[in-house]
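# Inside the fold
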Amino acid sequence: MPHETPLIATLVGAFVLAFVFGAIAQRFKLSPLVGYLLAGVMVGPFTPGFVADQSMALELAEIGVILLMFGVGLHFSLSDLLSVKAIAIPGAVLQIGVATLMGMGLAYALGWGLGAGIVFGLALSVASTVVLLRALQERRMVESEQGRIAVGWLIVEDLAMVLALVLLPALSGALGGRVVATPTVEWLGGDDVWMTLGITLAKVAGFVVLMLVVGRRVIPGIMHWVAHIGSRELFRLAVLAIALGVAFGSAKLFGVSFALGAFFAGMVLSESPLSHRAAEETLPLRDAFAVLFFVSVGMLVDPSIVIKSPIPLIITVLIVLFGKSLAAFLLVRAFGYGNITALTISASLAQIGEFSFILVALGVDLHLLPEEGRDLILAAAIISILANPFFFLALDRYRAKAVKVSAVKAAAEAPAQAAADKAATAKGAEKGAEKAPPAPTLPVTAQQAHTVLVGYGRVGHLVADGLKAAGLPFLVIEDQEDRVEELRRGDIEVIDANAASPAAITAANVAGASRLILAIPDGFEASGVLRKARQMNPGIEIIARAHSDAEVEHLRQGGANFIIMGEREVARGMLAHVLDRSDADLAAAVQAAGVASGTEAASPSPDAPVAEVEVSPVTPPTPSVAAAGATPAPTPTMVPAGIAGPAATQPPLSAPESAPGPVPALAESAAAEQNEKG
């Protein structure tokens, strides 16, 4: 039996070199995608040494495309897109148009045809979702306002590229490429472009209707049935069978691409509560075949393009890094957003990735795009992915500096503003209040001495359950449509707005509230809400969460009374279960362990769980129960199901006289979300 076959040799060469170059890229704090592409270059036909079977690699890459698009569909959230539709949809469409025109201009200068210019421009206009999500996850920005806009923007781009993949074969002949005649068109005896386009759109529409009407009932039903069997192996197999089966069946029956079929399979499954589990179970295989996809793309790169066409390559890179990023910045600013949001979108778009590769491969296959265009796109992709982390590093520095300047400015202006407000109020009272201030756009709550909860995600949901069970009056500020509807169905008062807006703070009556709980995951975004609340109500108690020491410092400077960082709470919960000590002893043990391992300074950290963090001279912190040496509170009745043992008896976040008991398990839920996000 021979011990070498083209398939095994291709798999071994691709995986081994992808691991080596991916590890090197990660070591230099670059995206592993760069390593995978370079591995493909090394095993490609344009470099000496081992050459993998290119046709075999491209066929394996098709599986990678299917699983990549299935993953995109699984993460496609219509509610997330609708929450930012006012900027994401028009902004992405306009940015695609601007970038496509720039690409068409370069193609015209190189003497290419109209079809080549359209394919080349579209490939330059779409950014990599994989690269963006990784950058946002590293900064805990996925659920922030900037993160939702960036992800929504890329979802619109992805949908536009899916449409382009469907229409390009039908329009190929009219654009100067290879004529693709479908069996249906041949049977009808016509080759008119409008007939071809009409039949293609009709088949796509039929597939979409079938998936939305039948698939959204059948596919989740199959997954629930398999889940009740209790076999993890069968569940994983069912997910793969659905992804590959729908993609292959849609291509054979409806003539649509593998990518579109897989995307709709993932999108239909995303509506099921099992979608997160499906994503987790298929992640290893999806990552493996995605690696093969990027390696196969790298095999197509001709490194000599740097010597053959240096000027076109430089212009292509400039369009990707600065041209479309500048267009996006101006568009976001035109919609009334600030510099930080505009720069976040610009940094997110300063690269190209997987959809560009799929598009240029199709363009070359249809004889629309010359091979030089493919080489320019692939080389620009590698360079842009290499450069993109530096854009985000610059954004991080600008963001931190902007927050610091804002804090200093707010602190300097606070006394003068308070005096001006007081004088204006007195003057208005003397004159009979001739001109009343404009009413807020949102109705103001009637609650007083209540708790304002910002965010109704995984952590906020648990906090709301605890507050409701404890009988504490509270309301929620949330701007995601599905969560707002859920709150209303649960008879919980909700302010449907972004908490960063002054109207939301006013409508929540923060001035008359006793407590503000910031359950949103981004500490930097929360600090903006925190400062507004502190200025409006200097005596309010503010509780926040953080994921890093930098976030803790910003929240502390902003005026938070109590800051929870997930890693320490995880350690406390573990030690509580193992050692069964009092809370004060646990805190000391966690601190000692940090010092012993060299991970913390010898002095107490500002976010240490032994006491509240002193952040404001106006509102000195009240020592927590643990810090005072009191015995931990008994297990409260409102602890959510599944949390038991000593870890469920954490000390209260604060000890107000009106509170009948602690808000339960906030630390555990924060730590749980931190673990889920990796």
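Description of the structure in this document. (Residues numbered from 1 in each chain as written. Predicted model: local features only at pLDDT ≥ 70, side-chain atom pairs only at ≥ 80, totals over all residues. Heavy atoms only, no water.)

The next subject is the sheet that holds strand E2 (residues 474–478). Taken together, 6 strands build an open sheet; the order of strands is E3-E2-E1-E4-E5-E6 and the sheet is parallel. Edge strands, defined here as strands with exactly one partner in the open sheet, are strand E3 (494–496) and strand E6 (562–565). Here the average twist between neighbouring strands, direction ignored, is 15°. Here 4 bridges tie strand E5 (residues 541–546) to E6, and the two strands are oriented parallel to one another. In the sheet register, Ile-543 faces E6, and the bridge partner there is Phe-562. Contacts from helix H20 (residues 481–489) reach E2 and E3 within the one sheet, and its direction differs from that of E3 by about 150°. Across the sheet, helix H24 (residues 566–579) is in contact with E5 and E6; its angle to E6 comes to roughly 75°. (Pairing = 2+ DSSP bridges. Helix = DSSP H or I, 4+ residues; strand = E, 2+ residues; numbered from the N terminus. Axes fitted to C-alpha atoms, helices over the stretch in contact; angles between N-to-C directions. Contact = heavy atoms within 4.5 Å.)

Structurally, Ser-356 is set in helix H17 (residues 354–365). Apart from residues no more than four positions distant in its own chain, Ser-356 is found in contact with Ala-123, Val-126 and Ile-377.

Turning our attention to the pairing of E2. Of all 5 residues in E2, 5 are buried, a share of seventy percent or more. Burial along E2 is two-sided: Phe-474, Val-476 and Glu-478 facing one way and Leu-475 and Ile-477 facing the other are all buried. Pairing of strand E1 (residues 451–454) with E2, which is carried by 4 bridges, proceeds in the parallel orientation. The residue bridging Val-452 from the neighbouring strand is Leu-475, located in E2. Of the crossover connections in this fold, the one passing from E1 over helix H19 (residues 458–470) to the parallel E2 is right-handed. Bridge analysis of E2 against E3 gives 3 bridges, and the strand direction is parallel. Considered in E3, the bridge of Val-476 is made with Val-494. Between the parallel pair E2 and E3, the chain is carried across by H20, and the sense of this crossover is right-handed. (Buried < 20%, exposed > 50% of the residue type's maximum accessible area, 1.4 Å probe, protein only. Right-handed = clockwise from strand over helix to strand, strands pointing away.)

Here the structure, examined in full by the defined rule, presents 6 cavities of 30 Å³ or more. Lining of the largest cavity is provided by 26 residues; of these, Arg-148, Gly-455, Glu-478, Asp-479 and Ile-520 occupy positions nearest its centre. Among the elements of the structure, H19, E2 and helix H22 (523–536) are those that each provide at least two residues to the lining of the largest cavity. In terms of residue count, the dominant contributor to the lining of the largest cavity is H19 (3 residues). Of the residues assigned to the lining of the largest cavity, the class counts are 11 nonpolar, 6 polar and 9 charged. (1 Å grid on protein atoms, 1.4 Å probe; cavity = no way out; pocket = protein on both sides within 12 Å on 5 of 7 lines; lining within 4 Å. Points joined across faces, edges and corners; volume = space filled by probe spheres on them. Nonpolar A, V, L, I, M, F, W, Y, C, P; charged D, E, K, R; others polar.)

Moving on to a negative patch on the surface. Together, Asp-465, Glu-481, Asp-482, Glu-486 and Asp-496 give the surface a local cluster of negative charge. At 3 residues, H20 tops the list of elements feeding residues into the negative patch. Among the structural elements, Asp-496 can be located in strand E3. (Patch = residues over 30% accessible without salt bridge, like charges linked within 9 Å, V, L, I, M, F, W, Y side chains within 5 Å. Areas by Shrake-Rupley, 256 points an atom, 1.4 Å probe, with all protein chains shown as cover. Salt bridge = Lys/Arg side-chain N within 4 Å of Asp/Glu carboxyl O. Lys, Arg positive; Asp, Glu negative; His and termini not counted. Charge placed at Lys NZ, Arg CZ, Asp CG, Glu CD.)

Turning our attention to the side chain of Asp-302. One can find Asp-302 in the loop between helix H13 (275–299) and helix H14 (305–308). A residue is classified by how much of its surface remains accessible, and Asp-302, at 10% relative accessible area, is buried. Separated by 2.7 Å, the side chains of Asp-302 and Ser-304 make a polar contact. A distance of 3.4 Å separates the side chain of Asp-302 from the side chain of Lys-308, its partner in a polar contact. Once you skip the residues sitting within four places of it in the chain, Asp-302 turns out to touch Phe-46, Lys-308 and Asp-375. (Polar contact = N/O pair within 3.5 Å; in protein donor to acceptor, adjacent residues only side chain to side chain.)

Taken as a whole and judged by the stated rule, the model has 5 aromatic pairs. Ring geometry for Phe-207 against Phe-264: centres 5.6 Å apart, planes inclined by 80°, an arrangement best described as edge-to-face. Here Phe-207, found in helix H10 (residues 193–229), pairs with Phe-264, found in helix H12 (residues 258–270); they are 57 residues apart in sequence, far enough to count as distant. Neither residue differs from the other here; Phe-207 and Phe-264 are each classed as buried. (Phe/Tyr/Trp six-rings, centres within 6.5 Å; stacked < 30°, edge-to-face > 60°.)

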